[in-house]
Number of protein chains: 6
Amino acid sequence: MPFVNIKITDEGVTKEQKQALIKGATQLLVDVLGKNPATTIVLIDEVNTDNWGIGFDQVTELRKAK
Amino acid sequence: MPFVNIKITDEGVTKEQKQALIKGATQLLVDVLGKNPATTIVLIDEVNTDNWGIGFDQVTELRKAK
Amino acid sequence: MPFVNIKITDEGVTKEQKQALIKGATQLLVDVLGKNPATTIVLIDEVNTDNWGIGFDQVTELRKAK
Amino acid sequence: MPFVNIKITDEGVTKEQKQALIKGATQLLVDVLGKNPATTIVLIDEVNTDNWGIGFDQVTELRKAK
Amino acid sequence: MPFVNIKITDEGVTKEQKQALIKGATQLLVDVLGKNPATTIVLIDEVNTDNWGIGFDQVTELRKAK
Amino acid sequence: MPFVNIKITDEGVTKEQKQALIKGATQLLVDVLGKNPATTIVLIDEVNTDNWGIGFDQVTELRKAK
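Keep in mind the model is a prediction, meaning the values are calculated, not measured. (Residues numbered from 1 in each chain as written. Chains lettered and ligands numbered in written order. Predicted model: local features only at pLDDT ≥ 70, side-chain atom pairs only at ≥ 80, totals over all residues. Heavy atoms only, no water.)

K.L.:
Where do I start with the overall build of chain A in this structure?
P.N.:
When helices and strands are counted, chain A shows 2 helices and 4 strands. When its helices and strands are written in sequence order, chain A yields β-α-β-β-β-α. Taken over C-alpha atoms, the radius of gyration comes to 15 Å for chain A, far larger than the 11 Å a tight globule of 66 residues would show. Once the C-alpha set of chain A is aligned to its principal axes, its extents read approximately 45 × 25 × 15 Å. Per-residue burial for chain A yields a buried fraction of 56% across its 66 residues. Excluding contacts between residues fewer than 6 apart, the proportion of contacts in chain A whose partners are at least 24 apart in sequence is 66%. Of the accessible surface of chain A, which amounts to about 2500 Å², a share of 52% is contributed by carbon and sulfur atoms. In chain A, 8 side chains carry a positive charge and 9 a negative one; their mean positions are 5 Å apart. (Helix = DSSP H or I, 4+ residues; strand = E, 2+ residues; numbered from the N terminus. Rg over C-alpha atoms; globule rule 2.2 N^0.38 Å. Buried < 20%, exposed > 50% of the residue type's maximum accessible area, 1.4 Å probe, protein only. Contact = heavy atoms within 4.5 Å. Areas by Shrake-Rupley, 256 points an atom, 1.4 Å probe, with all protein chains shown as cover. Lys, Arg positive; Asp, Glu negative; His and termini not counted. Charge placed at Lys NZ, Arg CZ, Asp CG, Glu CD.)

The structure is reproduced here in structure tokens:
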């Protein structure tokens, strides 16, 4: 019954990586709290780097500065 | 003043269905708690089936397995 | 599989009212989109009126002004 | 370390406006609570006007009615 | 920079279990996507069983029925 | 109509500080996007330091280490 929401930047995350996040997060809830995986929901939000800020700056600009 | 967020998979939900969700959720808050509909916000998030997991699996794969 | 999050102020909502919100929101997803109620999750967040603002003001103050 | 999520309708918000929201929200946390901006995250969600309801109606329809 | 939000029922989760959820979720983002753990935030929401519904029912009632 | 959610640790935030966050966030949406403050909602979530992790660790432990 747990609900996990993972927010990441939309920088080419593959379908396989998303599957790995879903499996890993579900297993974590099973291992730590004994939750029922059948009703454990994992939701991945991919956010445009223009819309994600950290330390005053857009990630888009931080990536350029690297 | 209530805020309702409805998260569903993005599988062809029509504009009319979204309108029905908005009307229904707003009416629910009016009926049960007497809330003011004028400031009741309903937000619908449509999530790609690759990004939604339940029971360890992506909904994309669950749909195929059916 | 839908996920509904209802955010309201914590002003004496009863257990019965919460049950009515859960039933109503679940039924809405069944009626409008044909979703499976068995995996439909409804989460109610009760927020302190000091922590809820609308129109620049805390709800705590808006309630006093009435 | 704070996390700020700003949800707005997707009506032509520019990259510069997003940057201004990120800077302003981060500065607010610094000014009011003395938070460390380096780990302050601001996330902007742009929501389709069909998916945003207020006062029973979709924003799409409210915009037309104006 | 990822943000993970884990929502669970408030049924006696210990501080050690919360630590395990934080460590595990952070490691998952490092392993799958190579994210920087230093800015990876994990937030755990514990929700009262009266406020969590699944399959039309409050978890409070589901626990009694078991 | 915007919705702003500010998540911070629950470390003695005063009512006045919350009011300042609400005013500041609302004004930001007015200044940058010309939004109507009357329907701008700001919600502050105060999260227990046991439930907030960054860089693998609970904030509770990070505070002790300082």
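K.L.:
How should I be thinking about the relation of the copies chain C and chain F in this particular structure?
P.N.:
By a simple turn and slide, chain C fits onto chain F: the slide is 0.0 Å along the axis, the RMSD is 0.0 Å, and the turn is 120°. What the rotation and shift describe, once combined, is the action of a three-fold rotation axis. Among all residues of chain C, the minimum C-alpha distance to the rotation axis is found for Asp45 of chain C, at 5.8 Å. (Least-squares fit on C-alpha atoms with pLDDT ≥ 70 in both.)

K.L.:
Teacher, can you tell me more about the packing of aromatic side chains here?
P.N.:
Aromatic ring pairs are defined here through the distance separating the ring centres and the angle between the ring planes. All chains considered together, the criterion is met by 3 aromatic pairs over all chains. The interplanar angle of 10° and the centroid separation of 3.7 Å between the aromatic rings of Phe3 of chain B and Phe3 of chain F together place this pair among those described as stacked. Taken together, the residues span two chains, with Phe3 of chain B in strand β1 (residues 3–9) and Phe3 of chain F in strand β1 (residues 3–9). The pair Phe3 of chain B / Phe3 of chain F is uniform in exposure class, with both members buried. (Phe/Tyr/Trp six-rings, centres within 6.5 Å; stacked < 30°, edge-to-face > 60°.)

K.L.:
Explain the sheet that holds strand β2 (residues 41–47) of chain C here, please?
P.N.:
Within a sheet, each strand pairs with its neighbour through backbone hydrogen bonds, oriented either parallel or antiparallel. Read across the open sheet, the 8 strands follow the order β4(D)-β3(D)-β2(B)-β1(B)-β1(C)-β2(C)-β3(E)-β4(E); overall the sheet is mixed. Of all strands in the sheet, those bounded by a partner on one side alone are β4 (57–58) of chain D together with β4 (57–58) of chain E. Two elements, strand β1 (residues 3–9) of chain C and β2 of chain C, share 7 bridges in a ladder whose sense is parallel. Among the inter-strand pairings, Ile6 of chain C is bridged to a residue of β2 of chain C, identified as Ile44 of chain C. (Pairing = 2+ DSSP bridges.)

K.L.:
Would you explain the arrangement of the chains in this entry?
P.N.:
There is a gap between chain C and chain D: no contact, and a shortest C-alpha distance of 14 Å. Here chain B and chain E are not in contact; the least distance found between their C-alpha atoms is 14 Å.

K.L.:
How should I be thinking about the interface of chain A and chain E in this particular structure?
P.N.:
Size of an interface, as often reported, equals the accessible area lost when the parts are brought together. Each partner contributes to the interface: chain A provides 26 residues, whereas chain E provides 26 residues. Here chain A and chain E share an interface that buries about 2100 Å² over both sides, 76% of which is from carbon and sulfur atoms. Where chain A meets chain E, there are 0 salt bridges. On the surface where chain A and chain E come into contact, there are 6 residue pairs in polar contact (both at pLDDT 80 or more). Taken together, the elements giving at least two residues each to the side of chain A that touches chain E come down to β1 (3–9), α1 (15–33), β3 (52–54) and α2 (59–65) of chain A. Here the side of chain A that touches chain E gets 9 residues from one element, more than from any other, and that element is α1 of chain A. For the side of chain A that touches chain E, the per-class residue count stands at 17 nonpolar, 5 polar and 4 charged. The sheet contact formed by β1 of chain A and strand β1 (residues 3–9) of chain E spans 5 bridges and is antiparallel. Pairing of Asn5 of chain A across the sheet is with Asn5 of chain E, part of β1 of chain E. (Buried area = accessible area lost by both parts, 1.4 Å probe. Salt bridge = Lys/Arg side-chain N within 4 Å of Asp/Glu carboxyl O. Polar contact = N/O pair within 3.5 Å; in protein donor to acceptor, adjacent residues only side chain to side chain. Nonpolar A, V, L, I, M, F, W, Y, C, P; charged D, E, K, R; others polar.)

K.L.:
Any chance you could explain helix α1 (residues 15–33) of chain D here in plain terms?
P.N.:
Think of an α-helix as turning once every 3.6 residues; residues three or four places apart then point the same way. Along its 19 residues, α1 of chain D runs 27 Å from first to last C-alpha, staying within 8% of the 27 Å computed at 1.5 Å per residue. All of the buried residues along α1 of chain D are Lys18, Gln19, Leu21, Ile22, Ala25, Thr26, Leu28, Leu29 and Val32 of chain D. Where α1 of chain D is buried, its residues meet β3 and β4 (57–58) of chain A, β1 (3–9) and β2 (41–47) of chain D together with β1 and α1 (15–33) of chain F. Following α1 of chain D by one or two positions, Gly34 of chain D has its phi on the positive side, about 65°. (Expected span 1.5 Å × (residues − 1).)

K.L.:
What is the right way to look at the relation of the copies chain A and chain E in this model?
P.N.:
Note that the two copies of the chain are related through a rotation about an axis and a translation along the same axis. Expressed as a screw operation, the relation of chain A to chain E combines 0.0 Å of axial shift with a rotation of 180°, fitting to an RMSD of 0.0 Å. Such a combination of rotation and displacement between the chain copies is what one expects of a two-fold axis. Scanning chain A for the C-alpha nearest the rotation axis identifies Asn5 of chain A, at a separation of 2.6 Å.

K.L.:
Help me out: how do you make sense of the sheet that holds strand β3 (residues 52–54) of chain C in this one?
P.N.:
A sheet is described by the order of its strands in space; here 8 strands give the open sequence β4(A)-β3(A)-β2(D)-β1(D)-β1(F)-β2(F)-β3(C)-β4(C), paired in mixed fashion. With one partner strand each, in any of the chains shown, β4 of chain A together with β4 (57–58) of chain C form the two edges of the open sheet. Bridge count for β3 of chain A against β4 of chain A is 2 bridges, and the pairing is antiparallel. The partner of Gly53 of chain A across the bridge, within β4 of chain A, is Gln58 of chain A.

K.L.:
Even after reading the chapter, I still don't get the packing of helix α1 (residues 15–33) of chain B against helix α1 (residues 15–33) of chain C, so can you show me in this structure?
P.N.:
Helix-helix packing: each pair is described by the crossing angle between the helix axes and the interaxial distance. The N-to-C vectors of α1 of chain B and α1 of chain C enclose an angle of 160°; their axes lie 10 Å apart at closest approach. Accordingly, the angle class assigned to the pair α1 of chain B and α1 of chain C is roughly antiparallel. Viewed along their axes, α1 of chain B and α1 of chain C form a crossing whose handedness is right-handed. Contacts between α1 of chain B and α1 of chain C involve Gln17, Ala20, Leu21, Gly24, Ala25, Leu28, Leu29, Val32 and Leu33 of chain B from the former and Gln17, Ala20, Leu21, Gly24, Ala25, Leu28, Leu29, Val32 and Leu33 of chain C from the latter. Residues of the contact of α1 of chain B with α1 of chain C, tallied by class, amount to 14 nonpolar, 4 polar and no charged. (Axes fitted to C-alpha atoms, helices over the stretch in contact; angles between N-to-C directions. Parallel < 35°, antiparallel > 145°, perpendicular 65-115°, else oblique. Left-handed = near helix turned anticlockwise from the far one by under 90°.)

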